[in-house]
Amino acid sequence: MGGADQVSGTRMVANGGGMEENHSGVATNMPIDAIINLDHGDPTMYESFWKKTGDKCTVEMKGYESLSYFSKSKSLCWFLEPKLEDAIKSLHGAVGNTVTDGYTIVVGTGSSHLLHAVLYAVTSRDQPNQMNVVSAAPYYSAYQEITDLVKSGLYKWGGDACHFDKNEPYIELVTSPNNPSGVIQEAVVNREGGILVHDLAYYWPQYTPITSALEFDIMLFTASKCTGHAGSRIGWALVKDKEVAKKMIKFMEVATIGVSKEAQLRVANILQVIADDSKHFGSPEGENFFEFGQNLMKKRWEILRETLKKNQLFTVPKYPFQRCNYFGDDTQAHPAFAWMKCKEGIEDCEKFLRGHKILTRNGRRFGSDPSFVRASMVGGEEEFNLFIDRLSKIQIGDKNEKPNANLE
């Protein structure tokens, strides 16, 4: 999941104008003193790929089409467009990241919308107390806000799953790969009465090796991070228990009376294009979307690591090489976010970087330490180049720190 609180930060502000050349010699239209907003995860890096697809992903709708609330679908989810259902199954089948047979697909306005539906669906009005919703720190920063937003009598935020020791039913949110750290996560509470919800927004080949087809009870996905189409606000859940799926659908029915058909049909077309192109992986017949994404993320991570190695002020996680079933070789994770830790002596990393006109998200928001920050790696090329340029100019002497040989 990556959407709900991504827009809450300050949008990028620029001072001055005209083309500048940054410290690394890369020309950019962004002013050299622009404030860089890496607080959110707006996936604009994919724009260049989709520009090259031409009209393949264009969807035209006539004025008389899609007037009804209902979709012509035999699916339990009565507002799910058949084309989207087919495209979701086709894409997961092509990538091999999850099983779809035996699951009900529930579509939502992004995965955050679906999480609200899940929390409603897995709780009961007959339960004596609110169920605790927990997640292992560092957890996605919006989970607490989503859980406590409506002050539900059914559930409440319970904090870090690693510290949950109550002998009562609970809901554990498992984000894998993790947002913000990018590591593969597993459930940590593992007690009787627990309900697991797997947030798999980043379990796609451009971000992490696809090592198996997952088969968890409840799995959440979103087009925002899969394809970069955050503005369409389409997410989907794969739900094994039909009764849970029915309650989720009821939540959607009451809350929004379904999900926009225009958005569904647009995303359906895009997912199908990706799925079809995946059949030509490694051939000259067309560029593969996931190959494009992985190459770009790999390049950015190499540049970031080299920059941090030189200034020795920050560390980022190291990720193991694993066999990726999709690419057919050993790869490592290239997460959508850099989970950066300031070296000893800088107590508030977010504040320190803000002083260099780099906006990031404080580690406190993730249940972690303020010496950590999360910085987006999926923004536009100019934004990323200016971020690297800004980092390369930060000197150890800024805070009188001494180099640490153990830092990357």
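Residues numbered from 1 in each chain as written. Predicted model: local features only at pLDDT ≥ 70, side-chain atom pairs only at ≥ 80, totals over all residues. Heavy atoms only, no water.

(A) Structural detail: the overall build of the chain. Helix and strand counts for the chain stand at 10 helices and 17 strands. Burial statistics for the chain: of 408 residues in total, 54% are counted as buried. Considering only residue pairs separated by 6 or more positions, the chain has 74% of its internal contacts joining residues 24 or more positions apart. In the form shown here, the chain has an accessible surface area of approximately 18,400 Å², with 49% of it arising from carbon and sulfur atoms. (Helix = DSSP H or I, 4+ residues; strand = E, 2+ residues; numbered from the N terminus. Buried < 20%, exposed > 50% of the residue type's maximum accessible area, 1.4 Å probe, protein only. Contact = heavy atoms within 4.5 Å. Areas by Shrake-Rupley, 256 points an atom, 1.4 Å probe, with all protein chains shown as cover.)

(B) Representation of the sheet that holds strand β11 (residues 314-315). Reading across from one edge, β11-β14-β17-β16 is the order of the 4 strands in this open sheet, with antiparallel pairing throughout. The outermost strands of the open sheet, each flanked by one partner alone, are β11 and β16 (361-362). Two strands pair when backbone bridges link them, and β11 and strand β14 (residues 337-342) are joined in this way by 2 bridges, in the antiparallel orientation. By the bridge assignment, Phe 314 is partnered in β14 with Cys 342. (Pairing = 2+ DSSP bridges.)

(C) Highlighting the state of the cysteines. Applying the stated rule across the entire model yields 1 disulfide. With its sulfur 2.2 Å from that of its partner, Cys 342 forms a disulfide with Cys 349. Judged by the torsion about the S-S bond (70 degrees), the Cys 342/Cys 349 disulfide is right-handed. In terms of burial, Cys 342 and Cys 349 fall into one category: buried. (Disulfide = S-S within 2.5 Å.)

(D) Molecular detail of the packing of aromatic side chains. The tally for this structure, following the rule as stated, stands at 24 aromatic pairs. For the pair Tyr 202 and Phe 337, a centre-to-centre distance of 6.1 Å together with 75 degrees between the ring planes defines the contact as edge-to-face. One end of the pair, Tyr 202, is in the loop between β8 (194-199) and β9 (218-222); the other, Phe 337, is in strand β14, with 135 residues separating them in the sequence. Owing to a relative accessible area of 4%, Tyr 202 belongs among the buried residues under this scheme. You can call Phe 337 buried: its relative accessible area is 2%. Consider the rings of Phe 290 and Tyr 326, whose centres lie 5.6 Å apart with planes at 80 degrees: the pair is edge-to-face. Separated by 36 residues along the polypeptide, Phe 290 in helix α8 (residues 289-311) and Tyr 326 in the loop between β12 (322-324) and β13 (329-331) bring together distant segments of the chain. Members of the aromatic cluster, joined through ring pairs, are Tyr 46, Phe 49, Trp 50, Trp 204, Phe 221, Trp 236, Phe 289, Phe 290, Phe 292, Tyr 326 and Phe 327. (Phe/Tyr/Trp six-rings, centres within 6.5 Å; stacked < 30°, edge-to-face > 60°.)

(E) Main features of the pairing of strand β7 (residues 170-175). Burial analysis of β7 places 6 of its 6 residues in the buried class, the great majority of the element. Burial along β7 is two-sided: the face carrying Tyr 170, Glu 172 and Val 174 and the face carrying Ile 171, Leu 173 and Thr 175 are both buried. By the bridge criterion, 3 bridges tie strand β5 (residues 131-135) to β7 in an arrangement that is parallel. Each bridged residue has a counterpart across the sheet, and for Asn 132 the counterpart in β7 is Tyr 170. As defined by bridge partners, β7 adjoins β8 across 6 bridges and the pair is classed as parallel. Within β8, the residue paired with Val 174 across the bridge is His 198.

(F) Focus on the confidence of the model for the chain. Residues with a pLDDT of 70 or more make up 88% of the chain, whose mean pLDDT is 90. Of the regions scoring below 50 in pLDDT, residues 6-27 engages in 51 contacts with residues more than four places distant in sequence or in other chains. Here residues 400-408 is a poorly scored stretch, pLDDT under 50, and it has 25 contacts once near neighbours within four places are set aside; other chains count. (pLDDT = per-residue confidence, 0-100.)

(G) Main features of the pattern of salt bridges. Enumeration according to the criterion identifies 11 salt bridges in this entry. Put simply, Asp 39 and Arg 361 hold a salt bridge, and the shortest N to O gap is 2.8 Å. Residue Asp 39 is found in the loop between β3 (36-37) and α1 (47-51), and its partner Arg 361 is found in strand β16; the two are separated by 322 residues along the sequence. On the basis of relative accessible area, Asp 39 is assigned to the buried category, the value being 9%. (Salt bridge = Lys/Arg side-chain N within 4 Å of Asp/Glu carboxyl O.)

(H) Region of interest: helix α3 (residues 110-121). Between its terminal C-alpha atoms α3 stretches 17 Å, which fits the 16 Å expected from 12 residues at 1.5 Å a residue. Most of α3 sits inside the fold, with 11 of its 12 residues counted as buried. Every buried residue of α3 is accounted for by Gly 110, Ser 111, Ser 112, His 113, Leu 114, Leu 115, His 116, Ala 117, Val 118, Leu 119 and Ala 121. (Expected span 1.5 Å × (residues − 1).)

(I) Spotlight on the nonpolar core. Residues Met 248, Phe 314, Met 340, Phe 387 and Leu 391 are the most contacted members of the largest nonpolar core, which totals 112 residues. What Phe 387 contacts, discounting residues up to four positions off in sequence, is Ile 36, Leu 38, Leu 304, Met 340, Ile 358 and Ala 375. Counting 6 residues, the second-largest nonpolar core is a separate cluster that includes Val 134, Ala 161, Phe 164 and Tyr 170. (Core = buried A, V, L, I, M, F, W, Y, C linked by side-chain atoms within 4.5 Å.)

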